[in-house]
Structure formats: C-alpha cells, structure tokens
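# Overview (structure and organization)
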Amino acid sequence: MMRNSIVFVFAVSVFGSLHAQEKDSINLDLLSAPQSPAANLLGFSDSEIQKPENPTDFMALVQKETSDFTTLPNSIAMDFRIQSMFPAGKHNNYKHFSRLTKENDASKIDFLNNLRQTAVFSFGYKNFDMIEDSMRFGQSFSFGLKFSLFRGNKLDETFVAAYKELKEKEAAIGLAGSKAQQIIKTEPEYIRLDSLYKNAVISGQTELAKNYKVAFDTYRDAYFDAYREKYKDEFESFKAIVEKLEFKTYGFVWDFATGLVFDFPTNNFDYSLIGKVAGWSTFGYEGQKGLSILGLGRVLYSPDLTYTNPLGAIDTSSVGSFDFGGRLLYENPGKSFSLSAEGLYRLSFGGVYDPMYRLTFNAGYEIGKNKKLTFVFGRDFDGAITRDGTVISAINFVMGLGSKK
Amino acid sequence: MSDNSLFELIHLPKVGAAMSLEIRVGAGQSGTITVTETSGKVTQYDGDCILKYGNSDELNGRELDFNIVCTDVNTSHNNLLVTVEIDGISTSSPWTMSRKVTSGGAYQFFGTLSFYK
C-alpha cells in the first residue's frame, strides 16, 4: 500500500507571529524541526527518531493526505513550550543564552534550567475516517510531554563569537553612557533644576516639587535623546550581530518523551479507549561538522491490540513492545540541506507477534529562511494485521512563522 | 515620568536598615548594566545586578547612576524592558523603563537614584 501525503509544519513563536512585519526587521532564525511526541504517537511525524532541538514557543503540525486543500486536515499536532505559558519570572531574564551551564560555574550543566527551558506539552489529533484506505475508524487524540536532559555542552563557535561581540559592544556603549551621565551633572541647568527639585521635596512643597520634576525630566530626556541620536548608527549595527546569534549546541544530547493516545472508534464521546501509552528516550552525539548519530529506546503499551500472532491467527490482547533503533544524520553546517537514514526494530513482550522493522531515508532542503522541504521514503513497520511493510513516501513542507519580528 | 529614563529621589528611613537594589533586563533580551557610584567607580554587570547594603545610612547623600544597554535577541512584541527594584526600605519601587524596537534592535536606558535622609 502506497501512502502519499503532503505535510505542512508551522513552527510558530506565539507572541511575535501575527504582528505586522516591520520593514527593517531582521530574521532571527528560530526554526526547529518538529518535536511533537503527540504526532509521533499518532504516526505522522516526519521522523521517528527526532533530533533534540531547542524548541520554539509554539509549533503546529498539520497533515492532509490529499493533493488539494479543499477539506480539513486529517491530522493535527500542536506543541507548547511550557515555560512560555507563564509570565517571565523575577530572575529568568538574561538567561536566554546561558541556560546550558550554571551561572556561577560554566563547567557544570544547569540541569534544572535546561529542563525548564525545553519542557514541551504536546497535543495531537487524527481522524481515521478521513484517511483513504485506512483500516481503522473513528478519531484519536494524543497528549505528550517532552523534555531535554542534555543538549550538548558545546556552543556553536559562530554563536560564541557573535555573542562576545555583542557583549563588548554593549559594554563600550555602557561606558560611553556612564561618561555622558557624569557630564550632564556638570551642566549649569542640570545643577539648577536638580537643586530646585531636591529642595522642594525636602521642604515638603509637593506641588512645586512636581513641577520641578517635570522640568528636570524634560531636560534630562532631551540630553539623553541627543546622546542616543549620536550613537544611532552604533545601535543600528547591533542587528547585524544579532542575526548571527543562532543558538546551536553540539555534543551529547539526551531527550525524554512520554505520551498517551485516546481512541474514539465510534466517534462517540462516551465510548473511548486508551489506544497507546509510550515512553521513550532519544540520545546521541551531535557533531560540529553536521554529522549526528542518534539512538532511540521506546516502550509502548497497546491495550486491546488486534494483531496476527506467530501462528497466523488474528488475536486481540494487551501488548507491550520495545522499539530500538538508530539514525545517522548529516546536516550541512549552513543547514541548507540534510540527509538521514534511520532504522527501528520492534519486539513484542512475550513474543505475541513476530519482530518487525522500519527503514527510512530522509532528505531535507532549506528553500529560504525558515522554509524547509523534506522528503521521506522507506519501509514502515508491518501492519498489525497485514505483514507487508507499508511503503512510506511523503513530502514535508516546514515553514517557520514568528521568527521575523 | 519618562518611560526610557528614571530619576528617583529616595528618602532613607530614620533608622538605618539593610537594603538591596536590583536592576534586571526583561526576558529574551541581552543587557549590560553599567553602574557609576558617586565616587566615580564604574562597574558593569551582565543581565542583572543586585547591590546589597548592610545599612541604608551609608547611601545618605549619595547618588547611583546606571545605564542599561539592551538588545533584542528574542523578545515578545520587541519590547525592551528594564526593572529597578529596592527591597528593605519603603519606596515606590519597582520602577520600569521600556522601549519598542525592531527585531534585533538595541537601546540604552538611563537612571539615577539619589538618596537623602
């Protein structure tokens, strides 16, 4: 059975995405590969072994298995980065780029901060009635949670250099600002207004103090506005540095994910079954030159699964299985194209059905900033009833929204 | 009060108390805080700083000047934000300064805290 599909993936930074694009805005490349454990459980993510990535605030994945777009998608998944749902805390501000290692000891991984930054809640939906040739009926909903324990302890050299340049520039302008603050204090008008305001406050002349404060603030604002105008080009030049700040890490990576699927086989809300419960871990090494090797271990529990037993008879029982496999991935360091091959082997606990495997080849090409085209081809696991290893053939168009702010 | 500069005259308590001053930049932005003391001593901090004083009396008659160079590296709504907060003595803090910038934009905020008894 050949399955053709077009998949659209939207990686959206929630807060900035729908605002009008400003003419001189720059592109902060935030596109992450789809992470969704919910999509993974419902079988429509573009890869089974997903490379640990730094998540965006929000990501949605929509799949429709027809070549036109006149009907609703049959599969949808959404990921929410948990931390972005809460208001910024008192001390989480500048840690945007210092979340890998402890603030006071760069040689130690900041485990808790890492966990907080990467925890993703995932929701997915699939309507089997809308899928041609589907052997299943009804609708399924899935929920997942994913977080990263390690995302590599090496920062990208380009990022490090750009970040250093940024901090040096900020520090230099900070010192210039400090001088400007001392110079204004020698201005006769500043001294006069400062003195009038302070005397009015200290002597309790509230109304007079208010008036002097307005005059004092106006004078200060005009002075600092003129100062900023002088440094206008300097401030403008920050954009070129920020554009190089693509947060990228290398080294040992380790993700955990877990999820649950609810099936509604009769499309009746009062009749639901737990379709799958799974927990899995992805780990590996991401190299600086674009080569990554990843491994996956997954435990899957399917209550009331109908399958063909080793004697060839149709059987139904609760089945536990274990998946393990690997993925070899090459991403061009400029990310313009990627190639990967992945293999997974599935064993059922107690040997209730024969082992099965999945082998796929994936290719991706970045067709523009935050727009990626990917292709997957290969052999899927044997069906629960059939044993013919479905051919997978899908083109994915991944588009990031919200990175231009 | 202007939204991009701050001047606060702070009345210290009659009886000296332990106090702290915190300056921090908002989420998704890079920031360098430059603090200049009355003595002329300049200190720079990355992202936030907490200055602690064992007795507020030591600040009597002094001024603290600070400026914060903020850069948007991934802010929501491209709104750069700085918060200044004093703990330990009674003031009207926290004070905030904010500025809308385009993506990747930078801005410099200025502030002065003047203490008297």
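Residues numbered from 1 in each chain as written. Chains lettered and ligands numbered in written order. Predicted model: local features only at pLDDT ≥ 70, side-chain atom pairs only at ≥ 80, totals over all residues. Heavy atoms only, no water.

## Quick word on the overall build of chain A
Let me state the cut-off plainly: In this text, helices come from DSSP runs of H or I with a minimum length of four residues, and strands from runs of E with a minimum of two, each type numbered from the N-terminal end. Note on exposure labels: buried denotes an accessible area under 20% of the residue type's maximum, exposed denotes more than 50%, and partly exposed covers the range between, all computed with a 1.4 Å probe on protein chains only. Working rule for contacts: check all heavy atoms of both residues, and any pair within 4.5 Å makes them a contact. The Shrake-Rupley method, run with a 1.4 Å probe sphere, supplies the accessible areas, and residue values consider only the shown protein chains as cover.
When its secondary structure is counted, chain A shows 7 helices and 16 strands. Considering chain A as a whole, with its 405 residues, one finds that 48% of them fall into the buried category. Summarising the internal contacts of chain A: among those between residues at least 6 apart in sequence, 62% fall at separations of at least 24. In the structure as shown, chain A presents an accessible area of about 19700 Å², 63% of it carried by carbon and sulfur atoms.

## Observations concerning helix 2 (residues 111-118) of chain A
Residue and element names in this part refer to chain A. Put simply, the rule is: Think of the arc as the fan of directions from the helix axis to the C-beta atoms.
Among the residues making up helix 2, those that are buried are Asn 113, Asn 114, Gln 117 and Thr 118. Taken down its axis, helix 2 places every buried residue within 115 degrees of arc, on the same side. Packed against the buried residues of helix 2 are strand 3 (75-81), strand 6 (120-127) and strand 7 (139-151).

## Remarks on unusual backbone geometry
Leaving glycine aside, a negative phi is the common case for residues, and trans is the common case for peptide bonds. Omega for the bond connecting Ser93(B) with Pro94(B) falls within 30 degrees of zero, at 5 degrees, which places this linkage in the cis form. Tracing the sequence through the fold places Pro94(B) in the loop between strand 7 (79-87) and strand 8 (95-100). The backbone phi angle of Asn267(A) is positive, close to 60 degrees, even though this residue is not glycine. The residue Asn267(A) is located in the loop between strand 9 (249-264) and strand 10 (273-286) in this model.

## Observations concerning the packing of helix 3 (residues 157-184) of chain A against helix 5 (residues 206-230) of chain A
Residue and element names in this part refer to chain A. The condition that has to hold: Between N-to-C directions, angles span 0 to 180 degrees; the directions come from axes that are lines fitted to C-alpha atoms, helices contributing only their stretch in contact. In a left-handed crossing the near helix is turned counterclockwise from the far helix by less than a right angle, and in a right-handed crossing that turn is clockwise. Amino acids are sorted into nonpolar (Ala, Val, Leu, Ile, Met, Phe, Trp, Tyr, Cys and Pro), charged (Asp, Glu, Lys and Arg) and polar (every other residue, Gly among them).
In the contact formed by helix 3 and helix 5, the axes pass within 11 Å of each other and the chain directions differ by 140 degrees. Remark: the crossing between helix 3 and helix 5 carries right-handed chirality. In this structure, helix 3 uses Ile 173, Ala 176, Gly 177, Ala 180, Gln 181, Ile 183 and Ile 184 to contact helix 5, whose residues at the interface are Tyr 219, Arg 220, Tyr 223, Phe 224 and Tyr 227. Broken down by class, the residue content of the contact of helix 3 with helix 5 amounts to 9 nonpolar, 2 polar and 1 charged.

## Looking at the confidence of the model for chain B
Test applied: The predictor attaches a confidence to each residue, called pLDDT, with possible values from 0 through 100.
The pLDDT averaged across chain B works out to 90; a share of 96% of its residues lies at or above 70. Reported for the predicted complex are a pTM of 0.71 and an ipTM of 0.95.

## As for the sheet that holds strand 8 of chain B
Residue and element names in this part refer to chain B. This is how the line gets drawn: For two strands to be treated as a pair, DSSP must find at least two bridges joining them.
Strand order in this open sheet of 4 strands is 5-2-7-8, and the pairing throughout is antiparallel. Two strands close off the open sheet at either side, each with one partner strand: strand 5 (48-53) and strand 8. Each adjacent strand pair in this sheet contributes to an overall mean axis angle of 5 degrees, direction not counted. Relative to strand 8, strand 7 runs antiparallel, the two sharing 6 bridges. Residue pairing for strand 8: Asn 79 is matched across the bridge by Lys 100.

## Remarks on the sheet that holds strand 1 (residues 5-11) of chain B
Pairing within the open sheet is mixed, and its 5 strands lie in the order 1-9-6-3-4 (chain B). Every other strand in the sheet has two partners, leaving strand 1 and strand 4 (42-46) of chain B as the edge strands with one partner each. For this sheet the average axis-to-axis angle between neighbouring strands, irrespective of direction, equals 15 degrees. With 7 bridges joining them, strand 1 of chain B and strand 9 (residues 106-116) of chain B adopt parallel strand pairing. Looking at strand 9 of chain B, one finds that Leu9(B) is bridged to Ser114(B). This element, helix 4 (residues 188-202) of chain A, spans strand 1, strand 6 (63-72) and strand 9 of chain B of the sheet and lies at about 40 degrees to strand 1 of chain B.

## Here's the deal with the pairing of strand 2 (residues 19-25) of chain B
Residue and element names in this part refer to chain B. With 7 of its 7 residues buried, strand 2 lies for the most part within the structure. Burial along strand 2 is two-sided: the face carrying Met 19, Leu 21, Ile 23 and Val 25 and the face carrying Ser 20, Glu 22 and Arg 24 are both buried. Of the strand pairs in this sheet, strand 2 and strand 5 are connected by 6 bridges, and their pairing is antiparallel. Bridging across to strand 5, Arg 24 finds its partner in Asp 48. Sheet topology places strand 2 next to strand 7; 6 bridges connect them, and they run antiparallel. When the sheet's bridge partners are listed, Glu 22 is paired in strand 7 with Glu 85.

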